[in-house]
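The primary structure of each chain is shown beneath.
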Amino acid sequence: MKKGLSGKTVYREKYTPYPWTLEHARFRFDIGEDVTRVLSVLQFNRSDADGSVTEIELDGQDMELVTIAMNGSRLEAGDYSCTAEKLLVHNATQRCELEIEVLIKPHENTALEGLYPSSDFLLTQCEAEGFRKISYFPDRPDVMTCYEVTIIADKQRYPVLLSNGNAVESGDLDDGRHWVRWSDPFAKPCYLFALVAGNLACIEDHFKTRSGRDVTLRVYVEHENQDRCEHAMESLIHSMKWDEDRFDLEYDLDIYNIVATNDFNMGAMENKSLNIFNSKYVLARPDTATDFDYQGIEGVIGHEYFHNWTGNRVTCQDWFQLTLKEGLTVFRDQEFSSDMHSRAVKRIQDVRQLRSRQFPEDSGPMSHPARPDKYLEINNFYTMTVYQKGAEIVRMYHTLLGEDGFQKGMKLYFQRHDGQAVTCDDFLASMADANEVCLEKFGRWYGQSGTPQLTVSGHHDVDARTFTLILSQRTPATHDQEIKQALVIPVAVGLLDSQGKAHELRLTGEDGPGGHSRLLLLEEDKQEFVFEGIAEQPIPSLLRGFSAPVKLEYPYTSSELAVLMAHDSDAFVRWEAAQLLAQREILANVERLAIGSDPRLMPELTEAFAALLADTETDPALIAEALSLPAEEYLAEQMKVIDVDGIHAARKFVKSSLAKALGNEFSMRYQSVDDTEPYSKSPASMARRSLKNVCLSFLLETDSGVSLAESQLESSDNMTDTLAALQGLLWVEAPAADHLLKAFEDNWSEDALVMDKWFSMQAALPGKRALERVRQLLDHPGFSLTNPNKVRSVIGVFSMANPTGFHTADGSGYRLHADQVMALDKLNPQVAARMAGAFNPWTRYDSQRRDLMKAELNRIRTAEGLSASVSEIINNALAMEKTSSSL
Ligand SMILES: [Zn+2]
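Along each chain, residue indices are assigned from 1 in the same order as the chain's sequence is written. It should be noted that, the model being predicted, local features are given only for residues of pLDDT at least 70 and side-chain atom pairs only at 80 or more, the latter also being counted only at that level, while totals for whole chains, interfaces and linings use all residues. Note that water and hydrogens are dropped before the side-chain values are worked out from all heavy atoms of the structure.

1. Quick notes on the environment of V330
Applied cut-off: A helix here means a DSSP run of H or I that spans at least four residues, while a strand means a run of E at least two residues long, and both kinds are numbered starting from the N terminus. Every residue pair with non-hydrogen atoms within 4.5 Å of one another is taken to be in contact.
Topologically, V330 is positioned in helix α3 (residues 322-340). For the pair V330 and F306, spaced 24 residues apart in sequence, the C-alpha to C-alpha distance is 9.1 Å. Ignoring sequence-local partners within four residues, the contact set of V330 consists of H303, Y387, Q388 and A391.

See the structure below:
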C-alpha cells in the first residue's frame with residue numbers, strides 16, 4: 001500500500017471531458033499464485049473539440065508495467081511516461097489501439113479497493129477509483145465502453161470465474177487451469193467493473209420479466225453459508241417485480257449474480273449484473289439475523305438492483321454528481337421498503353437516521369452540499385449528506401410534482417440520457433420539462449450545505465375567524481459555506497381543534513373549504529398563509545410526513561403535543577409529538593442535574609405513554625417507535641455544549657421513572673404481543689417483536705425485568721428476541737450477564753456475522769468499564785483490524801455509539817481511538833478515515849474534552865505516512881476551531 005499519494009484538491013468547476021472516446025476494452029486476467037497478470041487492449045478514437053490532443057492519459061497505481069504497445073508496435077522509453085499515478089502515452093494516432101500488460105499483487109492488498117482476497121477467493125471493488133489499481137485506464141465515470149473479459153485460473157482452486165454481462169465461452173487448459181470469457185453488451189464506466197474468482201457455492205432461481213425475458217438469478221456464498229441465502233433471493237425477486245410495477249423499469253440481461261464477502265468496506269456494490277455484497281446484507285437465518293437485519297437485506301438488495309437503471313444505465317458525469325445516482329436510488333429503496341412494509345414506520349426510521357447522523361454532518365467540519373464543489377479524497381464523500389439528504393431532495397421533487405408528475409420526469413430522464421454520464425442539473429431539467437414547471441430555485445438544494453431552520457408561528461384572529469401561519473427560514477452558516485440563500489421548502493400542514501378534530505381547510509383565495517391538509521411552499525425568507533373560517537385557536541400539525549429536511553420550531557405547549565400525539569391523522573407528526581415531549585423532559589432534567597437539583601418527571605409524559613400503551617388499534621411497530629426515547633446522539637444535537645454524562649443520566653432517569661410509573665401497563669403490553677407462535681418474518685410478527693422488545697427494555701428498569709429477559713432468552717427461537725434480551729441484561733448488569741455472554745460466544749464463535757453482534761453489544765456498554773472492555777475486545781482472537789465489519793463493530797460502535805465510554809473525562813477513550821485510527825490507516829485508509837470522523841464534533845464539548853480531543857487530532861495529523869483520506873478528515877476537523885466560534 002503506497003502512502004501519501006497526490007493529496008490534490010479536485011474542483012467541480014474544473015471539469016473537462018475526456019478527449020478520447022474509448023470504443024472498446026478487452027481484458028485478460030491470468031490469476032497466479034502471488035501475482036495476477038492483466039493484459040488490456042483498449043481502442044481509442046480522438047474526440048476533443050479541435051482534434052489537437054496527441055497524448056492519452058491513463059490512471060494507475062500500485063502495479064508493475066510489463067509492456068506497452070500502440071497499434072501493434074511495442075513502445076520504447078521515450079514514447080510514454082509513467083509516474084506513481086499516471087501513464088501518459090505520447091504521439092497517439094487518431095484511432096489507436098493500446099495493448100498494456102501489468103502485474104498486480106492482490107494478496108498484498110489490504111485496502112479492499114481494486115482486486116483483493118477474502119477468505120480464499122478473489123474479488124474486486126472499483127467504485128470510486130479502485131480500477132486504477134487493476135490496470136492502466138481512464139478511471140473516470142464519464143468514460144464508458146463495452147467490456148470483454150477473459151479470466152484464466154487454476155480450476156481446482158478457482159472453479160467459479162465471474163465478471164459482468166454474459167458468459168460467452170469457456171474451456172480447459174492442459175495445465176489444470178481453465179478459462180471463462182464474459183461479454184457485457186452495455187457500455188459502462190470502469191467503476192462498475194467486477195471480477196470474482198474462487199470456490200463458492202450458489203443458489204439459483206429465475207425471474208420472468210414483464211416482456212418475457214427469463215433471467216437466471218444466482219447468489220454466491222462460501223459453502224457453509226448456503227442455507228442463509230433464501231431471504232436475499234426473495235428480496236431480489238421482489239425488487240425486480242416492484243421496479244416493473246412502480247417505475248416501469250425492467251431488467252436488461254439474462255443473468256444477475258450476487259456474491260457475498262465478509263471483507264468489504266461498504267454495504268454493497270451495484271456492478272453491472274455482478275453485485276458484490278458485504279455478507280451482512282445477504283446472509284440471514286432466523287437464529288442468526290435480527291428483524292433489522294432482514295429489513296436491511298431487503299433494502300440493500302433492492303438498492304443495488306435499482307441502480308441498474310439509476311446509476312448504471314444512466315451514470316454520473318463526475319464524482320461531484322454522486323448524489324444523482326445515490327440520492328435517487330436511496331429514495332427508490334425507501335419507497336420499495338415503504339410499499340413492502342409500513343410506510344409510516346419506514347419514514348420515521350429514515351428521519352431518525354437523517355437527524356441523528358446527517359444533521360450533525362451539516363453542522364460539523366465535513367459539511368458539504370449534496371453536490372459538493374470540491375474534494376481531496378472522493379471516498380470521504382460517500383456521506384449521509386450525499387445519500388440521505390440527497391434522497392430527501394428527490395423526495396421533495398416527488399412531493400412537489402406528485403407520483404404521476406415524478407414518473408413523467410423519470411421517463412423523460414431515461415429517454416434523454418440512457419447510456420450517458422450526466423449531472424444533477426440534467427435530472428432537474430428532465431423533471432421540470434416533463435411537467436412544464438420551473439425548478440430553477442428548487443435546484444439550490446443541490447448547492448447549499450447546512451440544515452435549514454424553519455420557524456413557524458401562528459396568529460388567531462377571533463373576529464375575522466382566520467388563522468395565520470407565519471413561516472420563516474434561515475440556514476445557518478456552515479464550515480464550508482458562509483452565505484446562504486432562501487430555499488424552496490414544501491411544508492405539509494393540517495389544523496386540529498382542541499379536541500383533536502381536523503379542520504376543513506380553506507386558504508385565502510381558495511373557492512371553498514376542502515380536505516384536511518395543504519402543501520405550503522415557502523420560497524422566500526418569510527411568508528404568511530391565512531386559513532379562513534377558523535373559530536377558535538387551532539393546533540397546527542406541521543411538516544407532515546417530514547415534507548422537508550429541516551429543523552422545525554413551533555412553540556407547542558405540552559397539552560397541544562398530547563393532542564397531536566393522540567389524534568393527528570399523520571403518523572409522522574404523532575410520533576414527532578411523542579419524541580418532542582420526551583426530549584423536553586430529558587433536556588429539562590439534564591439542566592436540573594447540572595445545577596445539582598433533583599430530577600423529576602412531569603405527569604404529561606407519563607399520561608402520554610400510558611395512552612400509547614393502551615392503544616391497541618395502531619400498528620404495534622408505530623407504537624414501538626413512539627415509545628422509543630430519543631437517542632443520546634440526537635439529544636446531544638440539541639445542546640449548545642454537549643453534556644454526555646448529563647444526557648445519559650437524565651435519559652436513564654426518565655426511562656426508569658416511566659417504567660416504574662407504568663410497570664403494569666408495560667408488562668401487560670409485553671404479554672399481549674408475546675408470540676407463542678413459531679418465528680415468522682411477516683411484517684406483523686416483526687411489528688409485534690419490536691413492541692415487545694421496547695417494552696422489555698423499559699421493564700428491565702424494574703424488579704421484574706431480569707427474570708423476564710432471562711426467560712425470553714431461554715425460550716427464544718430467533719436472533720431478534722435473543723439479542724434484545726441479552727443486550728438488556730448486559731445494560732442493567734444482571735448477575736448472570738457475563739455467563740450468558742460467554743455462552744453466546746461459545747455458541748457462535750465460528751460465525752463471523754453473529755460474532756460482530758457479540759462485539760458491538762459489548763462495545764456499546766456505557767460507563768467506567770467501557771474502556772477496559774474495549775481493550776479486551778481488541779485483543780480477542782476473533783477481532784481483526786483487517787476486517788471492516790469487525791472494525792465497525794468494536795472501534796466504530798465505541799467511538800460513535802457509546803458517548804459516555806468514548807468521552808471519558810480523562811481522555812483515555814480518545815487516546816485509544818486515535819491509536820486505532822493510526823494503526824488502521826496503514827492497512828485500510830478508507831475505513832480509517834470513517835473512524836477518524838468520530839472526532840468531528842469535538843468543538844461541541846466542554847473545554848477539557850476539547851483540549852484532549854484536539855491533542856489526539858494533532859497526534860494523528862503528524863503521524864508518519866498518513867493517508868490523504870485520513871488527512872482530509874483530520875485537517876478539516878482541526879480547522880473547525882477557527883470557524884466554530886463564529887457559527
Ligand atoms: Zn448506491
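2. Here's the deal with the nonpolar core
Formally: Definition used in this section: a nonpolar core is a set of buried Ala, Val, Leu, Ile, Met, Phe, Trp, Tyr and Cys residues joined via side-chain atoms within 4.5 Å. Exposure is judged per residue with a 1.4 Å probe applied to protein chains only, and the accessible area is read against the type maximum: over 50% gives exposed, under 20% gives buried, and values in between give partly exposed.
The biggest cluster of nonpolar side chains holds 275 residues, and the ones touching the most others in it are F27, I56, Y397 and F609. Looking at this core, the element that brings in the most residues is helix α5 (residues 384-417), giving 12 residues. Other than its neighbours up to four places away in sequence, I56 contacts Y18, W20, F44, L87, L88, V89, A92, C96 and L98.

3. What to know about the packing of aromatic side chains
Rule in force here: To pair, rings of Phe, Tyr and Trp, with the six-membered ring standing in for Trp, must have centres within 6.5 Å; the planes then decide the type, stacked if under 30 degrees apart, edge-to-face if over 60, and tilted in the middle. Placement of a positive charge over a ring is assigned whenever Lys NZ or Arg CZ falls within 6 Å of the ring centre and within 35 degrees of the normal to the ring plane.
Applying the stated rule across the entire model yields 42 aromatic pairs. With 5.0 Å between their ring centres and 50° between their planes, W242 and F306 make a pair best called tilted. Within this pair, whereas W242 is found in helix α1 (residues 230-247), its partner F306 is found in helix α2 (residues 291-306), the two being separated by 64 residues in sequence. Here the aromatic rings of F806 and F839 are separated by 5.8 Å at their centres, their planes lie at 45°, and the arrangement is tilted. Here the residue F806 occupies a position in helix α22 (residues 803-806), and F839 occupies one in the loop between α24 (829-836) and α25 (847-861), the gap between them amounting to 33 residues. With a relative accessible area of 0%, F806 lands in the buried category. In this arrangement the basic side chain of K188 is found over the ring face of Y147, its NZ or CZ atom lying 4.1 Å from the centre. Above the plane of the ring of W842 lies R850, whose end atom (NZ or CZ) is 5.9 Å from the centre.

4. Focus: helix α18 (residues 737-748)
Here is the rule: By definition here, a helix of n residues has an expected span of 1.5 Å times n minus one. Note that the arc is computed from the directions linking the helix axis to the C-beta atoms.
Taking 1.5 Å per residue as the helical rise, α18 with its 12 residues ought to reach 16 Å, and the 17 Å between its terminal C-alpha atoms agrees with that figure. For α18, the set of buried residues is A737, L741, F744, E745 and W748. For α18, the buried positions fall inside an angular range of 100° around the axis, keeping them on one side. Across from the buried face of α18, at angles greater than 90 degrees, the exposed residues are H739 and N747. Lining the buried residues of α18 we find α17 (719-731) and α19 (752-763).

5. A few points about the sheet that holds strand β8 (residues 86-89)
Applicable threshold: DSSP-based pairing: two strands are paired if at least 2 bridges between them are found. Axes here mean lines fitted to C-alpha atoms, for a helix over just the part in contact, with angles spanning 0 to 180 degrees between N-to-C directions.
Taken in spatial order, the 3 strands line up as β4-β8-β7 in an open sheet, and their pairing is antiparallel. Because the sheet does not close on itself, it has two edges, and the strands there are β4 (56-59) and β7 (80-82). Direction aside, the axes of adjacent strands within the sheet are offset by 15° on average. The pairing of β4 with β8 spans 4 bridges and is classified as antiparallel. Looking across to β8, one finds that D59 is bridged to K86.

6. Some words on the pattern of salt bridges
What counts here: When a carboxyl oxygen of Asp or Glu is within 4 Å of a side-chain nitrogen of Lys or Arg, the pair counts as a salt bridge.
Applying the stated criterion across every chain, the model contains 63 salt bridges. With its nearest N and O atoms 3.6 Å apart, the salt bridge here joins R37 to E101. Pair noted here: R37 is in strand β3 (residues 36-46) and E101 is in strand β9 (residues 95-104), with a separation of 64 residues, a long-range link. Under the relative-accessibility criterion, R37 is labelled partly exposed at 34%.

7. A few points about the coordination of the zinc ion
Here is the rule: For Na, K and Ca the donor cutoff is 3.2 Å, while for all other metals N, O and S atoms count as donors only within 2.8 Å; water does not appear among the atoms, so some sites may look incomplete. Here the metal geometry follows the donor angles, with tetrahedral for four donors whose angles all fall between 85 and 135 degrees, square planar for four and octahedral for six when opposite donors are more than 155 degrees apart and every other angle is between 65 and 115, and irregular for all the rest.
Surrounding the zinc ion are the protein donor atoms H303 (NE2), H307 (NE2), E326 (OE) and E326 (OE), at 2.0 to 2.7 Å. For the zinc ion, the 4 donor atoms in the first shell make angles of 53 to 151° at the metal, a pattern classed as irregular. The sequence pattern formed by the donor residues of the zinc ion is H-x3-H-x18-E. Using a relative accessible area of 7% as the deciding quantity, one classes H303 as buried. You can call H307 buried: its relative accessible area is 0%.

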